[in-house]
Amino acid sequence: MDTKDFLAVSYPELALVLSDRQGDIPEPQPLEISPWLAMSLLQKSLRRGETGHALRAAATLLRDAPDRLWKRLVVASYEDAGLGSIDLIAPVLIATSGKGVRRAFDGEWPVASAIVERMAAARKDRSADDAYMVAATHSQYSGDRLSLTFRPLRELMQIATGDGDIITRSIATIYAVGTDRCRTPGMRVRKGDPRYVFHAMREAGFPFTVVDLSERGSTQFREPLPALMSLMSSVVPGHSTGWRPTERDDDIPPTTMIGDVPSWAIDWYVRGGRTAIRAFLRHDTP
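### Description of the overall build of the protein chain
And step 1. Within the protein chain, the regular secondary structure consists of 15 helices and four strands.
And step 2. For 286 residues, the compact-globule estimate of 2.2 N^0.38 gives 19 Å, and the C-alpha radius of gyration of the protein chain, at 20 Å, lies within 12% of that figure.
And step 3. The dimensions of the protein chain, computed from C-alpha atoms along their principal axes, are 60 × 55 × 35 Å.
And step 4. Among the 286 residues that make up the protein chain, the fraction classed as buried is 48%.
And step 5. Taking as baseline every contact in the protein chain between residues at least 6 positions apart, the subset at least 24 positions apart corresponds to 68%.
And step 6. Summed over its atoms, the accessible surface of the protein chain is roughly 14,600 Å², and 52% of this surface lies on carbon and sulfur atoms.
And step 7. One finds the centroid of the 36 positive side-chain charges in the protein chain at a distance of 6 Å from the centroid of its 36 negative side-chain charges.

### Comments concerning the packing of helix α12 (residues 194-203) against helix α13 (residues 208-220)
And step 1. Following both chains from N to C, one finds α12 and α13 inclined at 175 degrees, their axes separated by 10 Å at the closest point. Taken together, the axis directions place α12 and α13 in an arrangement best described as roughly antiparallel. Contact residues: Pro 194, Arg 195, Phe 198, Met 201 and Arg 202 in α12; Phe 208, Val 211, Asp 212, Ser 214, Glu 215 and Ser 218 in α13.
And step 2. Taken together, the residues that form the contact of α12 with α13 break down as five nonpolar, two polar and four charged.

### A look at unusual backbone geometry
And step 1. A positive phi angle, near 80 degrees, is found at Asp 106, a position not held by glycine.
And step 2. With respect to the element layout, Asp 106 can be found in the loop between α6 (99-104) and α7 (108-121).
And step 3. Asp 106 gets classed as exposed once you look at its relative accessible area, which sits at 66%.

### Regarding the packing of helix α8 (residues 127-137) against helix α11 (residues 166-177)
And step 1. As a packed pair, α8 and α11 sit with axes 9 Å apart at the nearest point and diverge in direction by 85 degrees. Taken together, the axis directions place α8 and α11 in an arrangement best described as roughly perpendicular. Of α11, the residues touching α8 (which contributes Ala 131, Tyr 132, Val 134 and Ala 135) are Ile 167, Ser 170, Ile 171 and Ile 174.
And step 2. Per-class residue counts for the contact of α8 with α11 are seven nonpolar, one polar and no charged.

### Overview of a nonpolar patch on the surface
And step 1. Nonpolar side chains collect at one region of the surface, where Met 133, Trp 268, Tyr 269, Ile 277, Phe 280 and Leu 281 lie side by side and expose about 690 Å² of accessible area between them.
And step 2. Considering every element that reaches the nonpolar patch, the biggest residue donor is helix α15 (residues 271-281), with three residues.
And step 3. Mapped onto the elements, Ile 277 comes out in helix α15.
And step 4. Residue Ile 277 is classed as partly exposed on the basis of its relative accessible area of 32%.

### What to know about the pattern of salt bridges
And step 1. Across all of its chains, the model carries 14 salt bridges by this definition.
And step 2. Residue Arg 202 is joined to Asp 212 by a salt bridge in which the shortest nitrogen-to-oxygen separation is 2.7 Å. With a gap of ten residues between them, Arg 202 in helix α12 and Asp 212 in helix α13 connect regions that are remote in the sequence. For the pair shown, Arg 202 and Asp 212 are each scored as buried.

Parameters and conventions
Residues numbered from 1 in each chain as written. Predicted model: local features only at pLDDT ≥ 70, side-chain atom pairs only at ≥ 80, totals over all residues. Heavy atoms only, no water. Helix = DSSP H or I, 4+ residues; strand = E, 2+ residues; numbered from the N terminus. Rg over C-alpha atoms; globule rule 2.2 N^0.38 Å. Buried < 20%, exposed > 50% of the residue type's maximum accessible area, 1.4 Å probe, protein only. Contact = heavy atoms within 4.5 Å. Areas by Shrake-Rupley, 256 points an atom, 1.4 Å probe, with all protein chains shown as cover. Lys, Arg positive; Asp, Glu negative; His and termini not counted. Charge placed at Lys NZ, Arg CZ, Asp CG, Glu CD. Axes fitted to C-alpha atoms, helices over the stretch in contact; angles between N-to-C directions. Parallel < 35°, antiparallel > 145°, perpendicular 65-115°, else oblique. Nonpolar A, V, L, I, M, F, W, Y, C, P; charged D, E, K, R; others polar. Patch = residues over 30% accessible without salt bridge, like charges linked within 9 Å, V, L, I, M, F, W, Y side chains within 5 Å. Salt bridge = Lys/Arg side-chain N within 4 Å of Asp/Glu carboxyl O.

Dropping the structure here:
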């Protein structure tokens, strides 16, 4: 699908997201927290379906770091929604593509809040991110991480599009996309060719819609997650309403608040979380 066709399809889909919202546009209620904590709160709230927390995090980023808001929504659409709500990816991509698009749909906050509400309510699938983490860190695959570094690109894609172990295929996909674009801890640096990767996936019969959306996402951020989402579409059975990797949702523990912020937003990926963990580890505790 070329850019003109993508725009022709995506504009009505974004309009549908805005027109389908229930009730009035909520008032923005930003928090007095850092942009880094707000990004963590936004994505983890979307993941948990916590609409209120997600809206407050989005309002904070829109006030203090709007570019980070739009980038984080794109990341979350692949990392958290993924195949569970494939219909949301095109509206997110078009909504985050520029201020002119958002002006055409009533402005920054109306668009941001509608996207956030829809993403929080959507079914989630984190199989691409799960594959990424296992491929990059699991000790069982240290041999694959070494040997596949040096394989020719064509051979990597033969492995990726074959019927072997899904984590080995994930490692091949990551190297084929290129670890030079986004450094991946645990994996060696290798130049890749994303265009060839998505061409090979189409040739192998992967779902065209998923591959198109993945290729567009790959141009907006440099992580391998979009390509891994395409890879997962080859092993997850499809349904008439999309992909359903599991019939049972994950259990989510109850929330504990730290001031205005839920504790699950303050983890190793934000400075405050790392500081708290280091302080905890410096002392003995029952």
